[in-house]
Amino acid sequence: MTNILSPLAAIRTHSIVSVLLHSHRFPPLSSETRLLKQHRPISCRPFWLTKQSFSVFSKMDCVGASSPKEFPLGLDASLEEEYFSQSSLLQDFTSIPNIDKAWTFTSDGGSQGMFSISQPNLLANKKRRYILPCHISKESTNAVSFQWAAFPIEMSNVSMMIPSPSGSKLLVVRNPENDSPTKFEIWGSSLVEKEFYVPASVHGSVYSDGWFEGISWNSDETLIAYVAEEPAPSKPTFTTFGYKKDNSTDKECGSWKGQGDWEEEWGETYAGKRQPALFIIDVNSGVVRPVEGIGKSLSVGQVVWAPSREGLEQYLVFVGWPSDNRKLGIKYCYNRPCALYAVKAPFSKVEVHQSGTNAAKDVSPIKLTQSISSAFFPRFSPDGKLLIFLSARSSVDSWAHSATDSLHKIDWSFSGKPTPDATIVDVVPIVMCPEDGCFPGLYCFSVLSRPWLSDGYTMILSSIWGSTQVIISVNVISGNISRISPGDSNFSWNMLALDGDNIIAVCSSPVDVPAIKYGSLARKASAETSWSWLDISSPISRCSEKVISLLSSRQFSILKIPVRDISENLTKGASKPYEAIFVSSKTQSRNVCDPLIVVLHGGPHSVSLSSFSKSLAFLSSLGYSLLIVNYRGSLGFGEEAVQSLPGKIGSQDVNDVLAALDHVIEKGLADPSKISVVGGSHGGFLTTHLIGQFCRHQISLQQQLQGTLSATSL
């Protein structure tokens, strides 16, 4: 009987409860107020989020539940006070600013920094965006001073801000609402120098999504290349007499516009986005010209200017996704084939006048990456001799929606027109099975526009390393990789900007709000280098005393979970331990464990990082322990671990979660009678599997032992 009613058996029955959320279809705070449900074997009752009970807003209908009289018709004074207290605490957490981006500019006596921060506007269900400037002075090797502006400046209706290469100008883009024009502003040091309005007949919104997004100043800061929605096709006009042949405006009395032919959009978070196209604006005149020669079968993004050479045509390099087969659902899907292309830029200093078929051929884009199935985030080395890019070829070739990246280079030291037969050289290959504690492979979701140290060949990147985000350096000549964020830190580190050979980063953990760090390169006598990291006092990192007090009572660790049932069919990488992040109270007694929430990420090829999450920190502050499981198939552990999951979804990932639960229960860190599960997307899929595969078995046991049936209806 003991074996049947083991702690794990109890978990697999009436204690695992699914909450299905999809993080991309709910407002930012919806998941924080609909997270938990409690299942009691005999009866259940709705409560708010309290340490004593898991809760929901809606009732749960339970077989064998008590009389409806147990459900209160209103709120008593104690519940009202609890609602007020917890909603106030939730506001304290959500008001913590996010540090989104940063830029630095050289100036006399040091450098200038500019931080883009955001904060939720709960009532409007939008984000407020601010700019906070600062002056950076490096006093010595071990000291740096940030003098912050007295107040941040709100950037209303701003879609993008892109400084020029010299830092003397700032491009501000304000995307249109409805059919209004797109606005471009060129800012100088103290005023708006120019502003241009681009009507919808030229193009729609400028892409600012981080994937198709691409906006690039040329070297002399006279032209800006960018990606925007191509002009919408004209729509038919109808009146009371039927179709009207002549053009008509929407405001014309007695007429209305039809929708026209249906065109596929790019799907999730890309509503209204059909066809990204390339454009160039002349900073002096405001004239906008489309980049010619790119067909509609190619969707473009991530444009950069190629190095210019005196007397030669200027070229643009961009990423192209073939979109003639399917567009829908590109969000988070790196398994779409894509390539780098070069195309001649309009407004070129050297005009070649040709006609006929030769002219058409001359403007056609040149595919630079013929021999590889994926290429994106193009960056030129400072000397202009190398084109560096990331590749998700493992995702494309295996059809896993995300996998281990690789880094490559192309020789750009030619004179004349780019050629499609350039040799692609591996800089950082795909890591199949990392040795313990060693580099697990590249997992990069963004790259700075200028990621180079002053030596011209060292590239600084943020990447995933197990359950943490780290900062690494890559020598693009030798391929050598170094972890430059502290190797003994379980915090997650994300690079914001380079200040010369120094790094401005943000560092956080599940129980530590994001803080700014300043990394300095310290050269040793040997060939090896080391980095020192300084804490930067920042108004951005401030939060309420209540939040500070609650978080100071929490702790976290990253647990290694051994793989159970290792077979000969498993690769070496799939047999290695995976990880789970455990967040708990510093004073938790082994005899009385806090209720545990198991947190499961989506994907499945994604990862939960040891970084700060407002929603999870809020739950933790209420007295819950958190078990955040990076089951096999998560990113950051090598390619063999990623590829071990396809074909075993619903079994391997489920068993990994259960093994992680067993691990914390056996260590006395969790009570098997007080456990819930929450997850979005694939995480929601996993919670239903946990219920379906293991609750059903235990219900049968309960019937035998108690003669009653207790079940939860979601």
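Nothing here was measured: the structure is a model prediction, and the numbers come from that model. (Residues numbered from 1 in each chain as written. Predicted model: local features only at pLDDT ≥ 70, side-chain atom pairs only at ≥ 80, totals over all residues. Heavy atoms only, no water.)

Turning our attention to the sheet that holds strand E20 (residues 315-322). Pairing is antiparallel across the open sheet formed by four strands, whose spatial order is E19-E20-E21-E22. A single partner strand is all that each edge strand has here, and the edge strands are strand E19 (298-305) and strand E22 (366-367). Where E20 and strand E21 (residues 339-344) come together, six bridges link them in antiparallel fashion. Following the sheet pairing, Val 317 is matched in E21 by Ala 342. (Pairing = 2+ DSSP bridges. Helix = DSSP H or I, 4+ residues; strand = E, 2+ residues; numbered from the N terminus.)

Throughout the structure, instances matching the rule amount to 23 aromatic pairs. On the numbers, 5.9 Å between centres and 80 degrees between planes, the contact of Phe 146 with Tyr 518 is edge-to-face. Linking Phe 146 in strand E6 (residues 143-148) with Tyr 518 in strand E32 (residues 512-523), this pair joins segments that are 372 residues apart in sequence. With relative accessibility at 11%, the residue Phe 146 sits in the buried group. For Tyr 518, a relative accessible area of 1% translates into the label buried. Relative to Phe 377, the ring of Phe 376 lies with its centre 5.2 Å away and its plane at 70 degrees, an arrangement referred to as edge-to-face. The class of Phe 376 is buried, set by a relative accessible area of 1%. Note on Phe 377: relative accessible area 6%, which makes it buried. (Phe/Tyr/Trp six-rings, centres within 6.5 Å; stacked < 30°, edge-to-face > 60°. Buried < 20%, exposed > 50% of the residue type's maximum accessible area, 1.4 Å probe, protein only.)

The next point concerns the pattern of salt bridges. This structure, assessed with the given rule, holds 17 salt bridges. Two residues, Glu 185 and Lys 183, come together in a salt bridge whose shortest N-O distance is 3.1 Å. (Salt bridge = Lys/Arg side-chain N within 4 Å of Asp/Glu carboxyl O.)

Right, let's get into the pairing of strand E25 (residues 406-411). Of all six residues in E25, five are buried, a share of seventy percent or more. In the sheet, strand E24 (residues 386-391) pairs with E25 via six bridges, with the strands oriented antiparallel. Residue Phe 389 lies in a different strand from E25, and its bridge partner there is His 408. Bridge count between E25 and strand E26 (residues 424-428): four bridges; the pairing is antiparallel. Counterpart to Lys 409 in the pairing with E26 is Val 425.

Spatially, four strands are ordered E8-E9-E10-E11 in an open sheet, and the strand pairing comes out antiparallel. Each edge of the open sheet is held by one strand with a lone partner, namely strand E8 (160-163) and strand E11 (192-198). Averaged over all pairs of adjacent strands, the angle between their axes in this sheet comes to 15 degrees, without regard to strand direction. Judged from the six bridges that link them, strand E10 (residues 182-187) and E11 form a sheet pairing that is antiparallel. (Axes fitted to C-alpha atoms, helices over the stretch in contact; angles between N-to-C directions.)

This paragraph deals with the environment of Leu 340. Its location among the elements puts Leu 340 in strand E21. For Leu 340 and Thr 369, which are 29 residues apart along the polypeptide, the C-alpha to C-alpha distance reads 5.8 Å. Sequence-distant contacts of Leu 340, defined by excluding residues within four places in its chain, comprise Phe 318, Val 319, Ile 366, Lys 367, Leu 368, Thr 369, Ala 375, Phe 376, Pro 378, Leu 387 and Phe 389. (Contact = heavy atoms within 4.5 Å.)

Let's shift gears to helix H9 (residues 652-666). Helix length check: H9 (15 residues) gives 21 Å between terminal C-alpha atoms against 21 Å at 1.5 Å per residue, within 8%. Of all 15 residues in H9, 13 are buried, a share of seventy percent or more. (Expected span 1.5 Å × (residues − 1).)

What follows is about helix H7 (residues 614-621). Most of H7 is tucked away, with eight of its eight residues classed as buried. Taken together, the buried positions of H7 are Lys 614, Ser 615, Leu 616, Ala 617, Phe 618, Leu 619, Ser 620 and Ser 621. Backbone geometry just after H7 places Gly 623 at a positive phi near 110 degrees.

Turning next to the packing of helix H2 (residues 77-94) against helix H5 (residues 545-552). Contact pair H2 / H5: the axes reach a minimum separation of 9 Å and the direction vectors enclose 90 degrees. Judged on the interaxial angle alone, H5 and H2 are roughly perpendicular. Contact with H2, carried on its side by Ser 88, Leu 89, Asp 92 and Phe 93, involves Lys 546, Val 547, Leu 550 and Leu 551 of H5 and no other residues of that element. Grouping the amino acids of the contact of H2 with H5 by side-chain chemistry returns five nonpolar, one polar and two charged. (Parallel < 35°, antiparallel > 145°, perpendicular 65-115°, else oblique. Nonpolar A, V, L, I, M, F, W, Y, C, P; charged D, E, K, R; others polar.)

The next thing to look at is the nonpolar core. By size, the foremost hydrophobic cluster in this structure holds 64 residues, and its most contacted members are Trp 211, Leu 316, Val 317, Leu 368, Phe 376, Leu 407 and Leu 442. Sort the elements by how many residues they give to this core and E20 lands first, with six residues. Setting aside its immediate chain neighbours within four residues, Leu 368 contacts Val 317, Leu 340, Tyr 341, Ala 342, Leu 387, Ile 410, Trp 412, Pro 418, Thr 419 and Pro 420. Judged by nonpolar contacts, the second largest core, of 30 residues, contains Val 563, Val 598, Ala 659 and Leu 669. (Core = buried A, V, L, I, M, F, W, Y, C linked by side-chain atoms within 4.5 Å.)

A word on the confidence of the model for the protein chain. Scored by pLDDT, the protein chain has a mean of 82; 81% of the residues are at 70 or more. Within the model, the stretch residues 1-69 combines pLDDT values under 50 with 176 contacts to residues more than four positions away or in other chains. Contacts of residues 352-357 to residues separated by more than four positions or lying in other chains number three contacts, the stretch itself having pLDDT below 50. (pLDDT = per-residue confidence, 0-100.)

Turning our eyes to something else, we now look at the environment of Leu 90. For Leu 90, the location among the structural elements is in helix H2. Note on Leu 90: relative accessible area 11%, which makes it buried. The sequence separation of Leu 90 and Leu 619 amounts to 529 residues, and the corresponding C-alpha distance is 9.2 Å.

Another aspect to go through is the environment of Gln 555. Relative to the elements of secondary structure, Gln 555 occurs in strand E34 (residues 554-561). Relative accessible area serves as the criterion here: at 37%, Gln 555 is assigned to the partly exposed category. The spatial distance from the C-alpha of Gln 555 to the C-alpha of Ser 585 is 6.1 Å, given a sequence separation of 30 residues. Residues within four places of Gln 555 in sequence aside, it is in contact with Val 511, Phe 582, Val 583, Ser 584, Ser 585 and Lys 586. A distance of 3.3 Å separates a polar side-chain atom of Gln 555 from the backbone oxygen of Ser 585. (Polar contact = N/O pair within 3.5 Å; in protein donor to acceptor, adjacent residues only side chain to side chain.)

Another point: the side chain of Arg 379. For Arg 379, the position within the fold is in strand E23 (residues 376-380). No salt bridge forms around the buried Arg 379; measuring N to O, its nearest opposite-charge neighbour Glu 213 is 8.4 Å away. Those residues in contact with Arg 379, other than ones at most four positions away along the chain, are Val 304, Leu 386, Leu 387, Ile 388, Val 447, Leu 448, Ser 449 and Met 459. (Lys, Arg positive; Asp, Glu negative; His and termini not counted.)

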